[in-house]
Amino acid sequence: MGLGVRWTVHGDGRNPAPGAVVRPDERLSWPRTVGLGAQHVVAMFGASFVAPVLMGLDPNLAIMMSGVATVIFLLATRGRVPSYLGCSLSFVGVAAVIRAQGGTSATVTGAVLVVGVALFLVGLAVQRFGARIIHAAMPPVVTGAVVMLIGFNLAPVTATTYWPQDQWVALLTMLATGFAVVCLRGFWSRIAIFLGLVFGYAISWIFDRAFGMIHSVNGAGKVTDHWRLDFSAVGKADWIGLPSFHGPSFQWSAILVALPVVIALVAENAGHVKAVGEMTGDPLDDKLGTAISADGAASVLSTALGGPPNTTYSENIGVMAATRVYSTAAYWAAAGFALLFGLCPKFGAVVAAIPGGVLGGITVILYGMIGLLGAQIWVHNKVDLRNPLNLVPVAAGIIIGIGGVNLRLGDNFELGGIALGTIVVLTGYHVLRALAPAHLKQQQPLLDEGTSAYDATDGPDERS
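In what follows, the accompanying structure is described. Computed from a prediction, not measured in an experiment: that's the story for all the values here.

Quick notes on the rules
- All residue numbers refer to positions counted from 1 along the written sequence of the respective chain.
- With pLDDT at 70 or above as the cut-off, local features in this predicted model cover only qualifying residues; side-chain atom pairs require 80 or more to be listed or tallied, and sums for whole chains, interfaces and linings still use all residues.
- The side-chain figures draw on all heavy atoms in the structure; neither hydrogens nor water molecules are used.
- Numbering goes from the N terminus for both helices and strands, where a helix is a DSSP run of H or I of at least four residues and a strand is a run of E of at least two.
- Two residues qualify as a contact provided that any one of their heavy atoms is within 4.5 Å of a heavy atom in the partner residue.
- Only the protein chains shown count as cover for residues, and the accessible areas themselves come from Shrake-Rupley with a 1.4 Å probe.
- All axes here are fitted lines through C-alpha atoms, helices being fitted over the stretch that makes contact, and every angle between N-to-C directions spans 0 to 180 degrees.
- In this scheme, roughly parallel covers angles under 35 degrees and roughly antiparallel covers those over 145, while 65 to 115 is roughly perpendicular and the rest are oblique.
- Here a crossing is called left-handed whenever its near helix is offset anticlockwise from the far helix by less than a right angle, and right-handed whenever the offset is clockwise.
- Throughout, the ten residues Ala, Val, Leu, Ile, Met, Phe, Trp, Tyr, Cys and Pro are labelled nonpolar, Asp, Glu, Lys and Arg are labelled charged, and all others, Gly among them, are labelled polar.
- Expected helix span is taken as 1.5 Å per residue step, with the number of steps being one fewer than the number of residues.
- Distance and chemistry together define a polar contact, namely a pair of N or O atoms within 3.5 Å, with one atom able to donate a hydrogen and the other to accept it when in protein, and with adjacent residues in sequence counting only for side-chain atoms on both sides.
- To qualify as a nonpolar core, a set must consist of buried Ala, Val, Leu, Ile, Met, Phe, Trp, Tyr and Cys residues joined through side-chain atoms within 4.5 Å.
- Three exposure classes are used, based on accessible area relative to the maximum for each residue type with a 1.4 Å probe and protein chains only: buried under 20%, partly exposed in between, and exposed over 50%.
- Each salt bridge in this description consists of a side-chain nitrogen of Lys or Arg and a carboxyl oxygen of Asp or Glu lying within 4 Å of one another.
- The directions from the helix axis to the C-beta atoms are what the arc is built from.
- Patches here: salt-bridge-free residues with over 30% relative accessible area, like charges joined within 9 Å, nonpolar side chains (Val, Leu, Ile, Met, Phe, Trp, Tyr) joined within 5 Å.

## Comments concerning the overall build of the chain
So, point 1. A count of helical and extended segments in the chain gives 20 helices and 8 strands.
So, point 2. The contacts of the chain with a sequence gap of at least 6 include a subset with a gap of at least 24, amounting to 78%.
So, point 3. About 20600 Å² of surface is accessible on the chain, with carbon and sulfur atoms providing 65% of the total.

## A word on the packing of helix α2 (residues 59–76) against helix α14 (residues 288–304)
So, point 1. Two elements in contact, α2 and α14, have axes whose closest approach is 9 Å; the angle formed by their N-to-C orientations is 150°. What the angle tells us is that α2 and α14 run roughly antiparallel. At the point where α2 passes α14, the crossing takes the right-handed sense. Contacts between α2 and α14 involve Met 65, Val 68, Ala 69, Ile 72, Phe 73 and Ala 76 from the former and Thr 290, Ala 291, Ala 294, Asp 295, Ala 298, Leu 301 and Ser 302 from the latter.
So, point 2. Classifying every residue of the contact of α2 with α14 by side-chain character gives 10 nonpolar, 2 polar and 1 charged.

## Regarding helix α19 (residues 388–403)
So, point 1. Between its terminal C-alpha atoms α19 stretches 22 Å, which fits the 22 Å expected from 16 residues at 1.5 Å a residue.
So, point 2. Where α19 starts, the residue carrying a side-chain oxygen 3.0 Å from the main-chain nitrogen of Leu 389 turns out to be Asn 387.
So, point 3. Gly 404 occupies a position one or two residues after α19 and carries a positive phi of about 75°.

## Let's talk about the nonpolar core
So, point 1. By size, the foremost hydrophobic cluster in this structure holds 93 residues, and its most contacted members are Phe 49, Met 55, Ile 354, Tyr 367 and Trp 378.
So, point 2. The contacts of Met 55, once residues within four sequence positions are left out, are Cys 87, Ser 88, Phe 91, Val 92, Ala 95, Arg 99, Val 108, Pro 308 and Pro 309.

## A closer look at the environment of Val 112
So, point 1. Of note, Val 112 is situated in helix α4 (residues 105–129).
So, point 2. Residue Val 112 is classed as buried on the basis of its relative accessible area, which comes to 2%.
So, point 3. With residues near it in sequence (within four places) discarded, Val 112 still touches Phe 91, Thr 303 and Pro 309.

## Points about the pattern of salt bridges
So, point 1. For the coordinates displayed, the defined rule picks out 4 salt bridges.
So, point 2. When the shortest N-O distance is used, the salt bridge between Asp 166 and Arg 228 registers 2.7 Å. With a gap of 62 residues between them, Asp 166 in the loop between α7 (155–162) and α8 (167–183) and Arg 228 in the loop between β5 (223–226) and α11 (232–236) connect regions that are remote in the sequence.
So, point 3. For Asp 166, a relative accessible area of 7% corresponds to the buried category.
So, point 4. According to the relative accessible area criterion, Arg 228 is buried, its value standing at 13%.
So, point 5. The partner of Asp 208 in a salt bridge is Arg 228, with the nearest N and O atoms 3.1 Å apart. Placement of the pair is Asp 208 in helix α10 (residues 192–211) and Arg 228 in the loop between β5 and α11, with a sequence separation of 20 residues.
So, point 6. Judged by relative accessible area, which is 3%, Asp 208 ranks as buried.
So, point 7. One continuous salt-bridge network, built from bridges that share partners, spans Asp 166, Asp 208 and Arg 228.

## Considering unusual backbone geometry
So, point 1. If you check the backbone angles, Arg 78 has positive phi at about 60° while not being a glycine.
So, point 2. In this structure, Arg 78 sits in the loop between α2 and β3 (85–87).
So, point 3. With phi around 55°, Lys 382 is a residue other than glycine that occupies positive phi space.
So, point 4. Topologically, Lys 382 is positioned in the loop between α18 (356–380) and α19.

## Considerations on α8
So, point 1. Look at α8: 24 Å from first C-alpha to last across 17 residues, which is about the 24 Å you get at 1.5 Å a residue.
So, point 2. Looking at α8, one finds that the buried residues are Val 169, Ala 170, Thr 173, Ala 176, Thr 177 and Ala 180. One side of α8 carries all its buried residues, which in axial view fall inside an arc of 135°. Set apart from the buried face of α8 by more than 90 degrees, the exposed residues are Trp 168, Leu 175 and Val 182.

## Quick word on the packing of α4 against α14
So, point 1. Close contact between α4 and α14 brings their axes to 7 Å; oriented N to C, the two are set at 160°. In terms of their interaxial angle, α4 and α14 are classed as roughly antiparallel. Here α4 and α14 pass one another in a crossing that is left-handed. The segment α4 lies against α14, with Thr 109, Val 112, Leu 113, Gly 116, Val 117, Leu 119, Phe 120, Val 122, Gly 123, Leu 124, Val 126 and Gln 127 engaging Leu 288, Gly 289, Thr 290, Ile 292, Ser 293, Asp 295, Gly 296, Ala 297, Ser 299, Val 300, Thr 303 and Ala 304.
So, point 2. Here the residues of the contact of α4 with α14 are counted per class, giving 13 nonpolar, 10 polar and 1 charged.

## Some remarks on a nonpolar patch on the surface
So, point 1. Side chains of Leu 242, Phe 245, Leu 301, Leu 305 and Leu 343 sit close together on the surface and give an oily, nonpolar patch of about 420 Å² of accessible area.
So, point 2. In this fold, Phe 245 is placed in the loop between α11 and α12 (252–258).

Below, the structure written as structure tokens:
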């Protein structure tokens, strides 16, 4: 079997016919393919360089390793699953918790490396036993709850770290980003986060010229007079050079905080593979395990060098939907661009100069969107939260995860936040399901009418 690096030219190589699609094993002319690759890079840019900044990792290394990860993924899936692997936002909250406990960048990448290994093993299990093991271990009620607490657990980071650095820039950036997400169409809506960052840079520059320095907390947590936008490091940075590498460090407390993200990554990969299969008309269920393993292997390599973990990017699915071009050749071009960006320290310095107020405005929307993806999983799968079997573990786990409830185990170890919330949801659901009476397992509406807003005509389809 080939590696998926041979493509036939679609039509005349210029423009697909009306209604036609460019399949993964096809391509347009090379200039057009390279242009599409650049478009994919722009689509992933917003989230993929914000994430490492929020995690305290080198954005140059993150971008470079996203290119390497994309190559690994394309080779592993034999070119059948067009996808770009960018820095995963699911780990931002994990990094914040680990650093709050005194962890370093090496501690963060060490914990995430273990998650990559776990994801790789999950992929092997899916290849061996099929996707049914995912549905059995992580039903939608559990997956949705974990994704929700991962997103909402980040709220204090925005409220206490970024927003106070410049509340007015944060507010204006939030409004501009929200406008871009809702009001723009097509490709522009897919890069709304990137546009919000550009707006934030511009408004910060204008405020510096109009009002001078701001007296507020800076990125180091000290109240001082400082410029909102400081490009002093950009002028000193080289145009060409390697990013900074470092090895991982392993601590059990950090690893346990990070492990629950495996659930979110499995859900992301499964949704991506399913979406691409539906778009291309090529069922890809047989590639699900391979895709998950490839993501895990790429994340292990990235974190071993000091970079962030990676995941398949929905932003790039949007580009494919808009262009109807699913050629993996465009993703090879995108990976090449990412490698070049990673070798430009001046680019990394520009990214590192993002004002705290801008990050405050962006993360208000971004973190909320991550959390609400969990609710979307519930809605899409018609999860009935009137059933106590679903309601009780989810309610307890989300409050524990979002509220920062801790469980001390000895003098030097405690569980809390995302880790404890996930354990409560996952084990609570399966234990209660094993002990519950049969009628609770049928997903019927079970709360009495006095505590439910539904009546007989509003309830879910009883045949489901």
